[in-house]
Amino acid sequence: MSRMGNSRSALKMIMEELHDVDKAIEFAKEQDDGELWEDLILYSIDKPPFITGLLNNIGTHVDPILLIHRIKEGMEIPNLRDSLVKILQDYNLQVTITIFQDAGNFYRT
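Counting restarts for each chain: residues are numbered from 1 in the order of the written sequence. Local features in this predicted model are restricted to residues whose pLDDT is 70 or higher, and side-chain atom pairs enter the listing and the counts only when it is 80 or higher, whereas totals over whole chains, interfaces and linings include all residues. Heavy atoms from the whole structure form the basis of all side-chain values; hydrogens and water molecules are not counted.

Asks: With reference to specific residues and values, describe the pattern of salt bridges.
Replies: A pair is scored as a salt bridge if a Lys or Arg side-chain nitrogen falls within 4 Å of a carboxyl oxygen belonging to Asp or Glu. As enumerated under the stated definition, the model contains 6 salt bridges in all. Its salt-bridge partner being Arg70, residue Glu38 comes within 2.9 Å of it at the nearest N-O pair. Here Arg70 lies in the loop between helix H5 (65-68) and helix H6 (80-108) and Glu38 lies in helix H3 (residues 34-44), a separation of 32 residues in the sequence. A residue is classified by how much of its surface remains accessible, and Glu38, at 28% relative accessible area, is partly exposed. Only protein chains enter the accessibility calculation, which uses a 1.4 Å probe; a residue whose area is less than 20% of its type maximum is buried, one above 50% is exposed, and one in between is partly exposed. By relative accessible area, which is 30% here, Arg70 ends up partly exposed. Where helices and strands are cited, they refer to DSSP runs of H or I of at least four residues and of E of at least two residues respectively, numbered from the N terminus.

Asks: Give me the packing of aromatic side chains: which residues, what numbers.
Replies: Pairing of aromatic rings covers Phe, Tyr and Trp, the last through its six-membered ring, and needs centres within 6.5 Å; plane angles under 30 degrees mean stacked, over 60 mean edge-to-face, and all others mean tilted. The tally for this structure, following the rule as stated, stands at 1 aromatic pair. Here the aromatic rings of Tyr43 and Phe50 are separated by 5.4 Å at their centres, their planes lie at 65 degrees, and the arrangement is edge-to-face. In this pair, the class of Tyr43 matches that of Phe50, namely buried.

Purely geometric stuff here, so don't read any function into it on its own.
Listed below in structure tokens is the structure:
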């Protein structure tokens, strides 16, 4: 519990004092904690540059739909099209890897 509090405090400092989305994302990846990702999403939701950073890096760690559904209608997100294309490419790659893993498991049995 104490460690989680320290992690949340560290993430908050990265976001609020350093304003560094890349460091915040890297920190959340290292901690691999859903609550930290939730904190990062909540903090980012009214900050278009943070949203772009998350869209470009969230796909393999958190379901990007959790972020996409929270974006306010009409909000201008830098490079939104490119970010969405990257999410789709990451998703397709994950599906392909899963199919090959499942096929490998099938042939081993």
